[in-house]
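Coordinate inspection notes
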Amino acid sequence: GPVSLLSRFHGALVAAVLGDCVGGEFEGAQDVPLERVLQHLSGLEDDTRGDGILQYSDDTAMMRCVAQSLLTRMGFDEQDMARSFAKEYSLAPGRGYGAGVIQVLRKLASPQLSDVFQPARAQFGGRGSFGNGGAMRAAPFALAFRNAADVKKYARFGAMLTHSCSLGYNGAVLQALAVYLSLQGELSLPQKFINRLICEMEEVEKDETARSDAKVLNLDEFPFCARLHRVKELMEQNSVSIEEVISELGNGIAALESVPTAIFCVLHCLEPREGLPEHYGGLERTIAYSLALGGDTDTIACMAGAIAGAHYGISAIPQSWLISCEGAEEAKHLAERLYKLHIMQTDEV
Ligand code: F2R
Ligand code: MG
Ligand code: MG
C-alpha cells in the first residue's frame, strides 16, 4: 500500500542509523565478500543479541545534533548547531571522527569564538575539507524544511560549519536533496529522480567557487553532475560489477566519492539483485549492497539508508535490525518531532 509521510520520516532517520551501525564493521576494508556481509546481517536476526549491541559512530552522533538543533531552534541556527557538535564531541570523542574535523570541533567549543564558520575555513591549509562529514549528517534538513530551496540552503550552511570546501558542502546539498525527493515518493520513477538531481546540481555547481575548487582539485567541471551521469549510465547497464561501481563512482571518504555512490546503491537495489537473498526487501538489499562495496561503508550505508528509508518507510526495516542498533529508537523519536515541525510550517507564497 502507499507509504505515509510519517512512515517515510521514521524510515529515513532510522535506516540512516542502521546503515552507520551495521556498516561500522567493514569501514576501511577494501575487499568485502558479499558472504561476509550477509553473515554479519543474519547475525542480527539471532534473538540473543539486540539491545543496541552495534554502536553508532560520528555519522549518527552528528546527525542527532543536526536534528536536535533544528528542533530546539525550530529552524537553522548556526551558533546552536555549532555548539551542539562541539558538546557532542567533547562528551564522546571516541566515535570515529575524521582526522581533520576534530580540530574544528575543538575550536567550536570555545566561548570566545564569534564566527562559527571560521574554524572550518582554516582546515587543510585554508582549502577546507572535502570529506563526507557534511553529507553523512544532512538527512534532517530534508525532513525539517518544506521546500527544496530551503533544504539546499540550510544543508549547505549546516555542512559549512565543518566543511568549507565546495566539494564537501555540495555533497551535503546533494544528499539532502536525494532524501527530500525520496520523501516525496519520487523514487517510484528512478529515471525522473536521477534527472531531477542532475538538474538541481547543475544549478548548484554553476557557482564560481564550485568551479574554481573543481579546477584546483583537477576534477571534472561539474564534478557531482559528472558522477550523477555515470550513475545514470550504470543504471542503464544490464549487469554491473562491484569493481565497476568502485572505479566509476568511488567508495572513499571524500563526499564526491561517496554521495553519488550511495545514491547508486539505492537505485540499483530497487529491484532484486543476484547474490542478495530473495527474502530481502529493497531496504535490506540497499544496506547489504552498500556494505559489499567496502571503503567508507558506515557512511555510504548511512546515506543510502536515509534515502532508501524515506522511500520504503519504517515498516521495511526488520525489527531485529532495529533493536540491534544503538540510537535507532531515538532516531524514530527525532523523526516524529521533525514531522511535527514540518507539517506545522505554512507554505509561503
Ligand atoms: N574517520 C572515519 N574513519 C576513519 C577510521 C575511524 C576508525 N573507526 C577509528 O575509530 O579510528 N570515519 C568518519 O570520517 C568520515 C567523515 O569525515 P569528515 O567529517 O569529513 O572529516 P575530515 O577530517 O574533515 O575529512 C576526512 C578526511 O578526508 C581527507 N580530506 C578532506 N579534505 C581534504 C583536503 N582539502 N585535502 C586533503 N585531504 C582532505 C583527510 O584525510 C581527512 O581526514 C566518515 O567516513 C565518518 O564515518
Ligand atoms: Mg563514522
Ligand atoms: Mg565513515
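Computed from a prediction, not measured in an experiment: that's the story for all the values here.

Cut-offs applied
Residues numbered from 1 in each chain as written. Chains lettered and ligands numbered in written order. Predicted model: local features only at pLDDT ≥ 70, side-chain atom pairs only at ≥ 80, totals over all residues. Heavy atoms only, no water. Helix = DSSP H or I, 4+ residues; strand = E, 2+ residues; numbered from the N terminus. Rg over C-alpha atoms; globule rule 2.2 N^0.38 Å. Buried < 20%, exposed > 50% of the residue type's maximum accessible area, 1.4 Å probe, protein only. Contact = heavy atoms within 4.5 Å. Near = heavy atom within 4 Å. Polar contact = N/O pair within 3.5 Å; in protein donor to acceptor, adjacent residues only side chain to side chain. Areas by Shrake-Rupley, 256 points an atom, 1.4 Å probe, with all protein chains shown as cover. Salt bridge = Lys/Arg side-chain N within 4 Å of Asp/Glu carboxyl O. pLDDT = per-residue confidence, 0-100. Phe/Tyr/Trp six-rings, centres within 6.5 Å; stacked < 30°, edge-to-face > 60°. Lys NZ or Arg CZ within 6 Å of the ring centre and 35° of its normal. Donors = N, O, S within 2.8 Å, 3.2 Å for Na, K, Ca; no water. Axes fitted to C-alpha atoms, helices over the stretch in contact; angles between N-to-C directions. Parallel < 35°, antiparallel > 145°, perpendicular 65-115°, else oblique. Left-handed = near helix turned anticlockwise from the far one by under 90°. Nonpolar A, V, L, I, M, F, W, Y, C, P; charged D, E, K, R; others polar. Tetrahedral: all angles 85-135°; square planar, octahedral: opposite > 155°, others 65-115°. Expected span 1.5 Å × (residues − 1).

Structural notes on the overall build of the chain
Across its full length, the chain carries 18 helices and zero strands. Compactness check: the chain gives a C-alpha radius of gyration of 18 Å against a globular reference of 20 Å for 349 residues, within 12% of the reference. Seen along its three principal axes, the alpha-carbon backbone of the chain occupies a region of about 55 × 45 × 40 Å. Out of the 349 residues in the chain, the part that is buried amounts to 59%. Within the chain, residue pairs in contact and separated by at least 24 positions form 75% of the contacts whose partners lie at least 6 positions apart.

With respect to unusual backbone geometry
Glycine aside, a negative phi is what most residues show, and trans is what most peptide bonds show. Of note, the phi angle at Phe124 is positive, near 50 degrees, even though the residue is not glycine. On the secondary structure map, Phe124 appears in the loop between helix H6 (118–121) and helix H7 (139–144). Located in the positive-phi region is Asn218, a residue other than glycine, with phi close to 60 degrees. You can see Asn218 is positioned in the loop between helix H11 (208–216) and helix H12 (223–236).

Focus on the site of ligand 1
Near ligand 1 lie 23 residues; those nearest to it are Asp59, Gly100, Ser129, His163 and Asp296. At a separation of 3.4 Å, an oxygen atom of ligand 1 approaches a polar backbone atom of Asn132. One of the side-chain N or O atoms of Asp296 is found 2.5 Å from an oxygen atom in ligand 1. For ligand 1, the protein covers 71% of the area, taking 920 Å² as the surface of the free molecule. Sorting the residues of the shell around ligand 1 by element identifies helix H3 (58–72) and helix H16 (297–312) as the ones contributing at least two each.

Thoughts on the pattern of salt bridges
Within the structure shown, the criterion is met by 10 salt bridges. Residues joined by salt bridges that share partners form a network here, namely Lys152, Glu186, Lys192, Arg196 and Glu200.

A few points about the confidence of the model for the chain
When pLDDT is averaged along the chain, the result is 96; 97% of the residues meet or exceed 70. As a predicted assembly, this complex carries a pTM of 0.98 together with an ipTM value of 0.96.

Some words on the packing of aromatic side chains
Tallied over the full model, the rule gives nine aromatic pairs. Between Tyr89 and Tyr97, the ring centres sit 5.1 Å apart and the planes meet at 90 degrees, which makes this aromatic pair edge-to-face. Aromatic rings pair up to connect Phe76, Phe117, Phe141, Phe145, Tyr154 and Phe157 into one cluster. Lying over the aromatic face of Tyr56, Arg95 brings its terminal NZ or CZ to 3.9 Å of the ring centre.

Some words on the coordination of the magnesium ion (ligand 2)
For the magnesium ion (ligand 2), the protein coordination sphere consists of Ser57 (OG), Asp58 (OD), Asp59 (OD) and Asp298 (OD), at 2.1 to 2.3 Å. Site description for the magnesium ion (ligand 2): donor spacing in sequence, S-D-D-x238-D. A distance of 3.7 Å spans the gap from the magnesium ion (ligand 2) to the magnesium ion (ligand 3), which Asp298 bridges by coordinating each metal. For Ser57, a relative accessible area of 12% corresponds to the buried category. Relative accessible area serves as the criterion here: at 0%, Asp59 is assigned to the buried category.

Observations regarding the packing of helix H2 (residues 34–43) against helix H15 (residues 282–292)
Helix packing geometry: the angle between the two helix axes and the distance between the axes. Remark: H2 packs on H15, axes separated minimally by 9 Å, with the N-to-C direction vectors making an angle of 135 degrees. As summarised for this structure, H2 and H15 are arranged oblique, according to the angle between their axes. In this structure, H2 crosses over H15, and the sense of that crossing is right-handed. The segment H2 lies against H15, with Leu34, Val37, Leu38, His40 and Leu41 engaging Ala288, Leu291 and Ala292. Split by residue class, the contact of H2 with H15 holds seven nonpolar, one polar and no charged.

Remarks on the coordination of the magnesium ion (ligand 3)
The magnesium ion (ligand 3) binds to the protein through Glu27 (OE), Asp296 (OD), Asp298 (OD) and Thr299 (OG1), with metal-donor distances spanning 2.0 to 2.3 Å. Around the magnesium ion (ligand 3), the six donor atoms are arranged such that angles at the metal cover 78 to 177 degrees; this shape is classified as octahedral. Coordination of the magnesium ion (ligand 3) draws on donor residues from a single chain, spaced E-x268-D-x1-D-T in sequence.

Section: H12
In this model, H12 (14 residues) spans 20 Å end to end at C-alpha, consistent with the 20 Å of a helix rising 1.5 Å per residue. Taken residue by residue, H12 has Pro223, Phe224, Cys225, Ala226, Arg227, Leu228, Val231 and Leu234 as its buried positions. Buried positions along H12 lie against helix H9 (166–183), helix H10 (190–205), H11, helix H13 (242–249) and helix H14 (259–268).

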